[in-house]
Amino acid sequence: MAFNHLPAGVHDALAPLSVTPVTHSVPMAKNHRSDRSPADAASRPSPGTVLHRLASGPSRSARITHTEHLPPRTGRHAVWPDRIRAEIVAAVQAAGIDHPWAHQALAAEHALDGDSVIVATGTASGKSLAYLVPVLSALLDGSEAPNGRGSTTLYLAPTKALAADQCRSVKELSQPLGNAVRPAVYDGDTPFEEREWIRQYANYVLTNPDMLHRGILPSHPRWSSFLKSLKYVVIDECHTYRGVFGSHVAQVLRRLRRLCARYGASPVFLLASATAAEPSVAARRLTGLPVIEVADDASPRGELVFALWEPPLTELHGERGAPVRRTATAETADLLTDLTVQGVRSVAFVRSRRGAELISVIAQERLAEIDRSLPRRVAAYRGGYLPEERRALERALHSGELLGLAATTALELGVDVSGLDAVLIAGYPGTRASLWQQAGRAGRSGQGALAVLVARDDPLDTFLVHHPEALFDQPVESTVLDPDNPYVLAPHLCAAAAEIPLTDADLELFGPACAELLPQLEAAKLLRRRTRAWHWTRRERAADLTDIRGAGGTPVQVVEAGTGRLLGTVDAGAAHSTVHEGAVHLHQGRTYLVRSLDLKDSVALVEQADPPYSTVARDTTSISVLDTDIEVPWGAGRLCYGSVEVTNQVVSFLRRRVITGEVLGESKLDLPPRTLRTRAVWWTVTEDQLDEARINPEILGGSLHAAEHASIGMLPLFATCDRWDIGGVSVPLHPDTLLPTVFVYDGHPGGAGFAERAFHTARDWLAATREAIAACECDAGCPSCVQSPKCGNGNEPLHKRGAVRLLTTLLRGAPREPGAGQVPGADGAPEPEQTPGAEEPPEGGQAPVPERRPAPGGKPRPESAPGSVGVRAAGPAEAVPQDPPAP
């Protein structure tokens, strides 16, 4: 029997970026102006006072597990480099910015020197201005060329909304320059009659990686005059390019560089990022070029009071009688209500669209009981709204008409929300970088601010609110991406060959995996080698072989049964877990029940309803080892990393009460299984280790299962992922390892780098997992430690104490020297031949040389697998995950 934990939607296609960046547009980065008058600012209560009011009452104060006080910081000014045109400096001063911060001036200096640079500083530190000033100066120079376009710039944002907002900012800043700077947005919404003008005359084109991949690069002859003059490529919010999406974007950028070289251009890359570990290393992986980092933030910061808040236990009981905490959604709605009553301008961040709507509705209902004028001052803000609706909400929040917003991370898309007093974060957002981005939305004018992290009832959130050092004493995570993933690289080689035939000289640009993939693409009759180059052989567009967001298959149409009205679409892979029969579907604030799902015709019929519950899909998983790439002894046990094949099937769904999270029932489903080839980390234990841990056969399955659940919940603390990106399986006796085994794998075809990161940090990761289980006060396991709402086995069996003993024994055998569990040369582990300044800087001592051998009893990986899967859009069998709505 295999006990598994695969999050709902783990095979689902990645939707357009669900965790999106904070924009630092020029209005956000005004160095000397506040949107509030001094009198208004002076009348505001301090962050400590606001928190004291929230915590008043005998039960409320006990919910705060820790309060962190970050003192204010003064700014450090500098002067713009002499080479910046005087007209640009005057335009910046006219916008109210007399002097740049030191990091802005330094980044501009590097850009002028022709060095690619990444600015990795905090929220509202003026990163946009750091790259805009040298860009505008170059465009002004280029406007004096005979054709009026001697220099051009390409700006890339992860979303359309961010590009549109940045375009407005550029137009405002460059208004004194007349027609010298001609910005234009070029994306899927751009009218066709405007596109030719943009190609011929715009010198600052703002777009997204999707349009670059599908629209600009395949049509490069029509963009020849723009590309031959391309001086700068701006990549905004580059920390969002991680995992599979980041790996696709990395290959798109290599294709761009190749075409630019064809037209005689060698653009400088200017990147803006949230604070991140090793930003220059991540930028080099993304662009393929050496990148200088500017990470010393010289902007001022007001006082920040950061509280960790754990909702109380309720009288309800979950599976197996486990105690249940009040949901983060209900707790956040209460806090937003209280802040609104105090007149505190606030935003509550929540992971799902449904969660944002629920928090808004609950807060409005409770405010109506206090003052009938208050409900209209709270609203929801999420993706899916019309642009005019979104702008109206932004204006209302900016003016103070709105006091509170319940928002998904869509609020981080280029929105100037200066003047916020408090931020509520409903559940850990997945990474420390995202946590600080969201917390930084308050106090953006250098004023004090309050941030409150409200813990969900899961292992990671519970661990964090009781281990504040894991948040406040640790650096932010490294960005994980793998451009050499064959499932990613193969379709981009085809697209590159369709743009210009591939030659041997191009192989270095695209990476060492090319040599293995090109013969497979030839065998699949996608490429053909003629003389010294590979050519695209088919009539269809090569760029359509892959969706860089990871989506694949025909989208499922969500149709209202009574009217035939199309409500929207769901990615093919997501359909099994989100629009199965009986699922609750939320659209534009209205709730629907799915009446039927037709996978053949890709249609889900829904009818409007108002059920008092949400639904969560459950699934089962089996796994087989294809290759063991790396194996490290952990005492008698083994820690391994390699390739696996996962078979997953959605088998049922839970109905959970919206406010309390109470499980109301479970319904079975009959859906077909799907398979996925990906990368995994796994560990095994021997009979002697089981004896040492006092694990008998009766509790072995439950001990492994509990350790697996908790380890999946804790991995986002060590890899730039969230638990929707990964899955797991535990088996008392696995046929390939012939031992008790726990697997944790990437939920993306070919892998996304998360399992590899887990392998590199395995000792710390599993030690934190053990501590999280041991520290939980429950008796037999609960959602805060070893239970998972997505478990396809109904959280049976689980043995909490056995998991602690098992992990203790396993960790006793873990290598103790620095770098143990790492592969030489991988992710910061040193190589014997490594020289100073290499891409991967040393981080500790020499790791043991791991064994490399096939898995015992494992299957050899078919030679055609990477190419055959990677060169076509994934169908339902290979679909990739998407975050499902949180309950």
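Everything below is about the structure printed above this text.
**Concerning helix α16 (residues 459–466)**
Because each turn of an α-helix spans 3.6 residues, side chains separated by three or four positions end up pointing in the same direction.
Then, in step 1: Burial within α16 is extensive, with seven of its eight residues counted as buried.
Then, in step 2: Buried within α16 we find Pro459, Leu460, Asp461, Thr462, Phe463, Leu464 and Val465.
Then, in step 3: Residues of α16 that are buried in the fold lie against β2 (64–70), β10 (304–309), β17 (449–454), α17 (469–472), α23 (697–714) and α25 (762–775).
Then, in step 4: Two or three places before Leu460, at the opening of α16, Asp458 has a side-chain oxygen 3.3 Å from that residue's backbone nitrogen.

**A closer look at helix α13 (residues 353–370)**
Then, in step 1: The terminal C-alpha atoms of α13, which comprises 18 residues, lie 26 Å apart, in line with the 26 Å expected from a rise of 1.5 Å per residue.
Then, in step 2: Within α13, the full set of buried residues consists of Arg354, Gly355, Ala356, Glu357, Leu358, Ile359, Ser360, Ile362, Ala363 and Leu367.

**Considering the pattern of salt bridges**
Then, in step 1: This structure, assessed with the given rule, holds 34 salt bridges.
Then, in step 2: Across the salt bridge formed by Arg258 and Asp506, the nearest N and O atoms sit 3.1 Å from each other. Here the residue Arg258 occupies a position in helix α10 (residues 243–262), and Asp506 occupies one in the loop between β18 (502–503) and α19 (507–510), the gap between them amounting to 248 residues. The same class applies to Arg258 as to Asp506, namely buried.
Then, in step 3: One salt bridge connects Asp504 with Arg529, and the closest N-O pair in it is separated by 3.4 Å. Residue Asp504 is found in the loop between β18 and α19, and its partner Arg529 is found in strand β19 (residues 527–530); the two are separated by 25 residues along the sequence.

**Section: the environment of Asp610**
Then, in step 1: Among the structural elements, Asp610 can be located in the loop between β25 (603–608) and β26 (613–634).
Then, in step 2: Residue classification places Asp610 among the exposed positions, given a relative accessible area of 69%.
Then, in step 3: A C-alpha to C-alpha distance of 9.2 Å links Asp610 and Val584, two positions 26 residues apart in sequence.

**Side note on the sheet that holds strand β14 (residues 378–381)**
Sheets are built from strands that pair by backbone hydrogen bonding, the pairs being arranged parallel or antiparallel.
Then, in step 1: The seven strands are arranged β2-β10-β17-β16-β13-β15-β14 in an open sheet whose pairing can be described as mixed. In the strand order of this sheet, the two ends are held by β2 and β14, each with one partner. Sheet twist, expressed as the mean angle between neighbouring strand axes with direction ignored, is 15°.
Then, in step 2: Running over the sheet, α13 touches β13 (346–350), β14 and β15 (404–407) and is turned about 175° from β14.

**A few points about the sheet that holds strand β3 (residues 117–120)**
Then, in step 1: Read from one edge of the open sheet, seven strands run β5-β6-β4-β7-β8-β3-β9, paired in parallel fashion. The open sheet has two free edges, formed respectively by β5 (183–185) and β9 (292–294), since each of these has just one partner strand. Strand-to-strand twist in this sheet, taken as the mean axis angle between neighbours without regard to direction, amounts to 20°.
Then, in step 2: Contacts between helix α6 (residues 160–173) and the sheet are confined to β4 (152–156), β5 and β6 (204–207), with β5 contributing the most and set at about 165° to the helix.

**Overview of the nonpolar core**
Then, in step 1: Grouped together as the largest cluster of nonpolar side chains are 87 residues, with contacts concentrated most on Phe306, Trp634, Trp683, Leu715, Leu717 and Trp765.
Then, in step 2: Listed in part, the 41 residues of the second largest apolar core include Ala107, Ala111, Val119 and Leu173.

**Looking at the packing of helix α12 (residues 328–342) against α13**
Then, in step 1: In contact at an axis separation of 8 Å, α12 and α13 are set at 45° when each is read in the N-to-C sense. Relative to α13, α12 is oriented oblique. As for how α12 packs across α13, the hand of that crossing is right-handed. In this structure, α12 uses Thr329, Ala330, Thr332, Ala333, Asp334, Leu336, Thr337, Thr340 and Val341 to contact α13, whose residues at the interface are Gly355, Leu358, Ile359, Ile362, Ala363, Arg366, Leu367 and Ile370.
Then, in step 2: Taken together, the residues that form the contact of α12 with α13 break down as ten nonpolar, five polar and two charged.

**Some remarks on the packing of aromatic side chains**
Then, in step 1: Inspection of the entire model under this criterion finds eleven aromatic pairs.
Then, in step 2: For the pair Tyr131 and Tyr155, a centre-to-centre distance of 6.4 Å together with 40° between the ring planes defines the contact as tilted. With Tyr131 in helix α5 (residues 127–142) and Tyr155 in strand β4, this pair connects stretches of sequence that are 24 residues apart.
Then, in step 3: With centroids separated by 5.5 Å and ring planes inclined at 35°, the aromatic side chains of Trp682 and Phe743 adopt a geometry described as tilted.

**A few points about the packing of helix α8 (residues 209–216) against α10**
Then, in step 1: Across the interface, α8 lies against α10 with an axial gap of 10 Å and an inter-helix angle of 50°. Between α8 and α10, the angle is such that the two are oblique. The handedness of the crossing between α8 and α10 comes out as left-handed. On the side of α8, the interface is formed by Pro209, Leu212 and His213, while α10 contributes Val249, Val252, Arg255 and Leu256.
Then, in step 2: Considered class by class, the residues forming the contact of α8 with α10 number five nonpolar, one polar and one charged.

Reading the values: the criteria
Residues numbered from 1 in each chain as written. Predicted model: local features only at pLDDT ≥ 70, side-chain atom pairs only at ≥ 80, totals over all residues. Heavy atoms only, no water. Buried < 20%, exposed > 50% of the residue type's maximum accessible area, 1.4 Å probe, protein only. Helix = DSSP H or I, 4+ residues; strand = E, 2+ residues; numbered from the N terminus. Contact = heavy atoms within 4.5 Å. Polar contact = N/O pair within 3.5 Å; in protein donor to acceptor, adjacent residues only side chain to side chain. Expected span 1.5 Å × (residues − 1). Salt bridge = Lys/Arg side-chain N within 4 Å of Asp/Glu carboxyl O. Pairing = 2+ DSSP bridges. Axes fitted to C-alpha atoms, helices over the stretch in contact; angles between N-to-C directions. Core = buried A, V, L, I, M, F, W, Y, C linked by side-chain atoms within 4.5 Å. Parallel < 35°, antiparallel > 145°, perpendicular 65-115°, else oblique. Left-handed = near helix turned anticlockwise from the far one by under 90°. Nonpolar A, V, L, I, M, F, W, Y, C, P; charged D, E, K, R; others polar. Phe/Tyr/Trp six-rings, centres within 6.5 Å; stacked < 30°, edge-to-face > 60°.

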